[in-house]
Amino acid sequence: MTTVPGEETRRQYLAALEQVEKTVEHCLAAVDRTALVNQARVLDAFRAEQVDEYCFADSTGYGYHDLGRHKLDAVYARVFGAEAALVRPHFVSGTHAITACLYAVLAPGDRMVSLTGKPYDTLHRVMGYGQAFPGSLAGTGIHYAEADFSGTFDGKLLDKLLAGKTRLVFIQRSRGYAERPSLTTTAIGNLVQEVKKRRPEAVILVDNCYGEFVQEQEPCHLGADLAAGSLIKNPGGGLAPTGGYVTGRSDLVERVAWRLTAPGLGAGIGSMVGVKRQFFQGLFLAPHQVAQALKGAILAGALFSALGFGVSPQCGEERGDIIQAVRLGNPELLQKFCRAVQQASPVDSHLTPVPAPMVGYEDQIIMAAGTFIQGAGSEFSADAPLRPPYTVFLQGGLTFAHVRLALSEILAALGVAPRAVLDSLQFLKI
Ligand SMILES: *Cc1c(COP(=O)(O)O)cnc(C)c1O
């Protein structure tokens, strides 16, 4: 049974959170400024491509001459600073979009280098870590090296990693489930330049999941050759029901399209049923929606930092993604936390999340996600692999107001009184 807090209790918690919010006002204002810049770029792209009502109509069968699909790609290309884009419900997830990029670029005998450590969990089997089964990159004869990444790069390490002929350089913008920080656009820009100096022929692919619209630039603005992500995270604006996207150099995007459909067919085929309005409208909402999520993350970070938990990013630290990590330190607290997130959700609030194995992940994962769209990272949710230091990763939030309500219920579940929140504020260093 879902328990809804009483009016007076809720009022006290929200009043305490308002005080926390005051300490991070400058960070929240910066988020609004970024949203405005991104909203302008999105609006201008819609106008430049003359998006109209016909763009939203379904296509059937092969989906030949689907003008809306074509314009959607063109709008994404403009927004993401790329020559071309491929935005499709036929990408089943972000992992699929990234994987299509990898297989489009890499051929047997080629070398791939990851500069940000192991790619995200769901890509481990694609890489063929541990077991180079047929079809994985390792099983296909792709050579691979990775940097052990903890947040900074040094030139010597890059020299060493890029000494050999390299076809593809992989960069993950978000932290994923790692303890390392996300990459800011400044860091991505520097890294791209350093790679181009050493290996101008290498294709730079950025896993852009959770990074879209967090800052004013996207990887292709900064010189990346390809960037890919999921539509049920940032760029779908909470409306896209499924899908993934790829942006980048037009010759490379065409090869990715050949991978997605078939060589010779490419981007000119693929009917779009029941998704185009959501894709367009979701992209239009995305800068605002990402801002809502970021404000929730900033408030959560300040709150738990004041309460004495390790948080990352810290208040005031530049953010490269929408994720807020909170180190809870023990499995019981972690489960209480996730149960409260679930209870405070608009959908499935009566369910209890329990740790379980997940396809594509190594540790057991506890996931609190009472979302309209299954697994949507754009909606307020919490995930945590069940391993020390029992860090919970918070992401999303369609509205900042919802995140505030959820945080007050998390506090209640952890047994932190409103008074204790106010008392803790004197320890908050911003
Ligand atoms: C979510 C995520 C992915 C994978 O996307 P899915 O849509 O879940 O397959 C890849 N990389 C990062 C950093 C992610 O956050």
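Residues numbered from 1 in each chain as written. Predicted model: local features only at pLDDT ≥ 70, side-chain atom pairs only at ≥ 80, totals over all residues. Heavy atoms only, no water.

S.K.: Where do I start with the site of the ligand in this structure?
M.R.: Surrounding the ligand, one finds 13 residues, the nearest of these being Gly-94, Thr-95, Asp-207, Tyr-210 and Lys-233. Within the backbone of Gly-94, a nitrogen or oxygen atom sits 2.7 Å from an oxygen atom of the ligand. Protein chains shield 90% of the accessible area of the ligand, which is 380 Å² for the free molecule. Spatially, the ligand is embedded in the largest pocket. Of the residues assigned to the shell around the ligand, the class counts are four nonpolar, seven polar and two charged. (Near = heavy atom within 4 Å. Polar contact = N/O pair within 3.5 Å; in protein donor to acceptor, adjacent residues only side chain to side chain. Areas by Shrake-Rupley, 256 points an atom, 1.4 Å probe, with all protein chains shown as cover. 1 Å grid on protein atoms, 1.4 Å probe; cavity = no way out; pocket = protein on both sides within 12 Å on 5 of 7 lines; lining within 4 Å. Sits in = over half its atoms within 2 Å of the grid points. Nonpolar A, V, L, I, M, F, W, Y, C, P; charged D, E, K, R; others polar.)

S.K.: Just checking my understanding: could you explain the domain arrangement of the chain for this structure?
M.R.: Interface size, as often reported, equals the accessible area lost upon joining of the parts. Each domain of the chain was delimited in the assignment, giving domain 1 (7-38 + 284-427) and domain 2 (43-275). Of note, the centres of domain 1 and domain 2, computed from C-alpha atoms alone, are 27 Å apart. Taken together, the contact pairs 40 residues of domain 1 with 34 residues of domain 2. Summed over both partners, the interface of domain 1 with domain 2 buries about 3,000 Å², with 57% contributed by carbon and sulfur atoms. When the buried area of domain 1 at its contact with domain 2 is split by residue, Gly-320, Tyr-361 and Ile-373 rank highest and sum to 17% of it. Applying the counting criterion to the domain 1 and domain 2 interface returns one salt bridge. Glu-179 is the salt-bridge partner of Arg-327, the closest N and O atoms lying 3.5 Å from each other. (Domains from an automatic or database assignment. Contact = heavy atoms within 4.5 Å. Buried area = accessible area lost by both parts, 1.4 Å probe. Salt bridge = Lys/Arg side-chain N within 4 Å of Asp/Glu carboxyl O.)

S.K.: Any chance you could explain the sheet that holds strand β10 (residues 365-368) here in plain terms?
M.R.: Hydrogen bonds between backbone groups are what pair the strands of a sheet, and the pairing can be parallel or antiparallel. Spatially, β8-β9-β12-β11-β10 is the arrangement adopted by the five strands of the open sheet, whose pairing is antiparallel. Here the strands that pair on one side only, and so sit at the sheet edges, are β8 (310-312) and β10. Across the sheet, the axes of successive neighbouring strands diverge by a mean angle of 20 degrees, strand direction being ignored. By the bridge criterion, four bridges tie β10 to strand β11 (residues 381-385) in an arrangement that is antiparallel. Paired with Ile-366 across the bridge in β11 is Ala-384. Each of β10, β11 and β12 (391-395) is contacted by helix α10 (residues 331-343), which is oriented at about 30 degrees to β10, the strand it contacts most. (Pairing = 2+ DSSP bridges. Helix = DSSP H or I, 4+ residues; strand = E, 2+ residues; numbered from the N terminus. Axes fitted to C-alpha atoms, helices over the stretch in contact; angles between N-to-C directions.)

S.K.: Honestly, unusual backbone geometry in this entry has me stumped. Any pointers?
M.R.: For the bond from Ser-312 to Pro-313, the omega torsion is -5 degrees, close enough to zero to count as cis. Of note, Pro-313 is situated in the loop between β8 and β9 (324-327). In this chain, Pro-388 is followed by Pro-389 through a cis amide linkage whose omega measures 5 degrees. Here Pro-389 is to be found in the loop between β11 and β12. Unusually for a residue other than glycine, Phe-213 sits at a positive phi of about 65 degrees. Note on placement: Phe-213 falls in the loop between β5 (203-207) and β6 (226-230).

S.K.: Honestly, the environment of Met-127 in this entry has me stumped. Any pointers?
M.R.: With respect to the helices and strands, the residue Met-127 is situated in helix α5 (residues 124-127). Between the alpha carbons of Met-127 and Tyr-144 there is a distance of 8.7 Å; along the sequence they are 17 residues apart. Contacts of Met-127, omitting those with residues within four sequence positions, involve Met-112, Pro-119, Ser-136, Leu-137, Ala-138 and Tyr-144.

S.K.: Any chance you could explain empty space enclosed by the protein here in plain terms?
M.R.: If you roll a probe as big as a water molecule over the atoms, it shows you where there is empty space left. Inspection of the entire model under this criterion finds one cavity of 30 Å³ or more. Space inside the largest cavity adds up to approximately 50 Å³. Counting residues per element, the lining of the largest cavity draws most heavily on helix α9 (residues 276-306), which supplies four residues. The residue makeup of the lining of the largest cavity, split by class, is seven nonpolar, three polar and no charged. (Points joined across faces, edges and corners; volume = space filled by probe spheres on them.)

S.K.: Explain the pattern of salt bridges here, please?
M.R.: Pairing between side chains of opposite charge can happen when the charged atoms of each approach one another. In the structure shown here, the tally under the stated rule is 19 salt bridges. Linking Arg-11 and Glu-8 is a salt bridge whose minimum nitrogen-to-oxygen distance equals 2.8 Å. Highlighted residues: Arg-11 and Glu-8, both in helix α1 (residues 7-23), separated by three residues, approximately one helical turn. Residue classification places Arg-11 among the partly exposed residues on the basis of a relative accessible area of 47%. Two residues, Arg-88 and Asp-73, come together in a salt bridge whose shortest N-O distance is 2.9 Å. Taken together, the positions of Arg-88 in strand β1 (residues 84-88) and Asp-73 in helix α3 (residues 67-79) put the pair 15 residues apart, joining distant regions of the chain. What makes Asp-73 buried here is its relative accessible area of 10%. One connected set of salt bridges, linked through shared partners, spans Asp-159, Glu-194, Lys-197 and Arg-198. (Buried < 20%, exposed > 50% of the residue type's maximum accessible area, 1.4 Å probe, protein only.)

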